[in-house]
Amino acid sequence: MRTGRQRAPQRRAVRNPPPMPGLRETIEGREVLIAGLFSARQKDHLECMGVLAAQVAALGGRVAGCFVQRRGISGGKKGSAPGGKGNMSRPYSSRTLMSTGKIREIAQERASADAVAVVFFNPLTGRQRKALTELLECPVFSRTDLQPTAAYDPVSGPWTRCAG
């Protein structure tokens, strides 16, 4: 039996995750679309998308288009579905993150720009990634799949301000 003071568990240093396998090979030197869903409360969404575009460019991709969907305050939907500020931080769809109209718009641009991938600002679940890959007919990545560059600062860097 130990007596006296208990030692606090040691914390592991946070390391940057490696890029998703095949990400650089997929986008290097090719056209890529970027997309993000933001709450109306997040006023710096354009800055956040600029940071994402810079990260894609750092991996060798060329941003061919940028899609932003804002989730604002509404008066409530038909029927008993809740609307308003309670839903501002939630995705439009648990399956595709964004509305079907926005996903259709991204798919059309992907085909016309011959983009090889779409990178979302928001983290994606496995289910969302699978559904989006099928709907957009290309690989789909999230900002969490991108490896930060040397300019990345985990304390005060742009990813901190642009929490999705």
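Residues numbered from 1 in each chain as written. Predicted model: local features only at pLDDT ≥ 70, side-chain atom pairs only at ≥ 80, totals over all residues. Heavy atoms only, no water.

Caption draft 1: View of the packing of aromatic side chains. Applying the stated rule across the entire model yields one aromatic pair. Above the plane of the ring of F121 lies R143, whose end atom (NZ or CZ) is 4.3 Å from the centre. (Phe/Tyr/Trp six-rings, centres within 6.5 Å; stacked < 30°, edge-to-face > 60°. Lys NZ or Arg CZ within 6 Å of the ring centre and 35° of its normal.)

Caption draft 2: Focus on the sheet that holds strand β4 (residues 140-142). In space, the four strands of this open sheet follow the order β2-β1-β3-β4, with parallel pairing throughout. Since the sheet does not close on itself, it has two edges, and those belong to β2 (62-71) and β4, each with one partner. For this sheet, the mean inter-axis angle between neighbouring strands, taken without regard to orientation, is 20°. One ladder, built from four bridges, connects strand β1 (residues 31-39) with strand β3 (residues 117-120); its direction is parallel. (Pairing = 2+ DSSP bridges. Helix = DSSP H or I, 4+ residues; strand = E, 2+ residues; numbered from the N terminus. Axes fitted to C-alpha atoms, helices over the stretch in contact; angles between N-to-C directions.)

Caption draft 3: Seen up close, helix α3 (residues 100-113). Between its terminal C-alpha atoms α3 stretches 20 Å, which fits the 20 Å expected from 14 residues at 1.5 Å a residue. All of the buried residues in α3 are K102, I103, I106 and R110. Around the axis of α3, the buried residues are gathered within 100° of arc, so they sit on the same side. Exposed and facing more than 90 degrees away from the buried side of α3 are T100, R104, Q108 and S112. In the core, the buried residues of α3 are packed alongside β1, β2, β3 and α4 (126-136). In the stretch just after α3, D114 is the one whose phi turns positive, near 55°. (Expected span 1.5 Å × (residues − 1). Buried < 20%, exposed > 50% of the residue type's maximum accessible area, 1.4 Å probe, protein only. Arc of directions from axis to C-beta. Contact = heavy atoms within 4.5 Å.)

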